[in-house]
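Chain by chain, the residues:
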Amino acid sequence: MAQERPRALGELLRRPGNARCADCGAPDPDWASYTLGVFICLSCSAIHRNIPQVSKVKSVRLDAWEEAQVEFMAAHGNTAAQATYETNVPPFYYRPTPADCHLLREQWIRAKYERQEFTDPEKQEPYSAGYREGFLWKRGRDNGQFLSRKFVLTEREGALKYFNRNDAKEPKAVMKIEHLNATFQPAKIGHPHGLQVTYLKDNSTRNLFVYHEDGKEMADWFNALRAARFHYLQVAFPGASDADLVPKLTRNYLKEGYMEKTGPKQTEGFRRRWFTMDDRRLMYFKDPLDAFARGEVFIGSSECGYTVLDGLPPSTQGHHWPHGITIVTPERRFLLACETEPEQRAWVEAFRKVVDRPMLPQEYAVEAHFKHKP
């Protein structure tokens, strides 16, 4: 009989909807919540374990199952749970993938099953109201210390602002929602809830690094920023569908890491810099947590004269890491070097993805700004 149950569960996993984790979409889930009736992956099962009042989990293959529990799974499953717990997920609310950080997956799971935010739209007020204010720990630009700062997000003004003092009349910075991005960077920031916010100032990228000790608070800020971006884009692109707009709300970086670079004359030595590939902007920093990039390079498409080459020209001078990359733009060549071959391959792949993608009309305007930079 014990053998029958895993076999019955195995058959249930082949049903439509059950072949992927109910929470993050990872393939081949081999855990299940026998109180919610969903099949989930190992990572998400660890989060379910932390909410035992709502969810109790078992391994599909390794644990003993009672007949009633198997019947409960058969009567429910991932598709039925989705219809129950995801009835009113706002289009802008971030649905995590297997690659996302723990915070995003945990808060999505808690929002669904514990707080049931998507069955009662009134519970979505913290990120749907169009206005949000509160305190976040923000990293100081010069000294690297995190200090409590008041942040205000206002869709009416189309901006995120922060204030250096509680009683300050004027904000320290005003970040236009039009050019705002937010991405969780726990390893870089050194906090599991670390969020990197970028915005454009005089067409150059500026970084802010923030966190909040409370995971829900941080996820609510992230989704409030996405909501503000969504409503801005709905006005900017009136004919666009939700499916067109949602990928534009926030974006993760295509690649980050250390490479070495040399200057435009290619005679000075190579220096180690932290590089970030953000859509078509390749930025480099002295330190990963710098507020400003030392430089930015626009990477267009191959049809506009941009190419990525393996290796460096034979005439390259100076000591540098062994695995080179040459980026050719209409104006000049950029010489970069990676420490290892896998790193070089990963960077070349990231660059080629960008170069192979045709440029959008608005990207030509961005390219023109780069060409006219002093």
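An unreviewed UniProt entry lists the protein under the name ArfGAP with dual PH domains 1, with Pipistrellus kuhlii given as the organism. Heading Subcellular location (unreviewed entry) of the UniProt record for the protein holds this comment: "Cytoplasm".

On to the packing of aromatic side chains. In this structure the tally under the stated criterion is 19 aromatic pairs. Seen from their ring centres, Tyr 93 and Phe 118 are 4.9 Å apart, and the 75° between their planes marks the pair as edge-to-face. With a gap of 25 residues between them, Tyr 93 in the loop between α4 (78–85) and α5 (102–114) and Phe 118 in the loop between α5 and α6 (125–128) connect regions that are remote in the sequence. Between Phe 275 and Trp 347 the ring centres are 6.5 Å apart and the planes differ by 75°, which places this aromatic pair in the edge-to-face class. One end of the pair, Phe 275, is in strand β12 (residues 271–278); the other, Trp 347, is in helix α10 (residues 341–355), with 72 residues separating them in the sequence. Considered together, Phe 275 and Trp 347 belong to a single accessibility category, that of buried residues. Here the aromatic cluster, defined as three or more aromatic residues joined through ring pairs, consists of Phe 92, Tyr 93, Trp 108, Phe 118, Tyr 127 and Phe 230. Across from the ring centre of Trp 65, 5.6 Å away, lies the NZ or CZ of Lys 58, which sits over that ring. Here the guanidinium or amino end of Arg 272 rests over the ring plane of Tyr 258, the centre of that ring lying 3.8 Å away.

The calculated volume of the largest pocket comes to roughly 1200 Å³. Lining the largest pocket we find 32 residues, and of these Arg 229, Arg 251, Asp 279, Gln 362 and Glu 363 sit closest to its centre. For the lining of the largest pocket, the leading source of residues is helix α11 (residues 361–371), giving 5 residues. Of the residues that constitute the lining of the largest pocket, the class distribution is 14 nonpolar, 8 polar and 10 charged. In this structure, the second largest pocket occupies an estimated 750 Å³ of space. What lines the second largest pocket is a set of 29 residues, and nearest its centre among them are Glu 296, Val 297, Arg 332, Phe 334 and Phe 370. Counting only elements with at least two residues in the lining of the second largest pocket, the list comes to β10 (204–211), β12, β14 (295–298) and α11. When residues in the lining of the second largest pocket are grouped by element, the largest group, 4 residues, is from β14. Across the lining of the second largest pocket, the residue classes tally to 10 nonpolar, 7 polar and 12 charged.

Conventions adopted
Residues numbered from 1 in each chain as written. Predicted model: local features only at pLDDT ≥ 70, side-chain atom pairs only at ≥ 80, totals over all residues. Heavy atoms only, no water. UniProt positions renumbered as here; feature names shortened; annotations may be inferred. Phe/Tyr/Trp six-rings, centres within 6.5 Å; stacked < 30°, edge-to-face > 60°. Helix = DSSP H or I, 4+ residues; strand = E, 2+ residues; numbered from the N terminus. Buried < 20%, exposed > 50% of the residue type's maximum accessible area, 1.4 Å probe, protein only. Lys NZ or Arg CZ within 6 Å of the ring centre and 35° of its normal. 1 Å grid on protein atoms, 1.4 Å probe; cavity = no way out; pocket = protein on both sides within 12 Å on 5 of 7 lines; lining within 4 Å. Points joined across faces, edges and corners; volume = space filled by probe spheres on them. Nonpolar A, V, L, I, M, F, W, Y, C, P; charged D, E, K, R; others polar.

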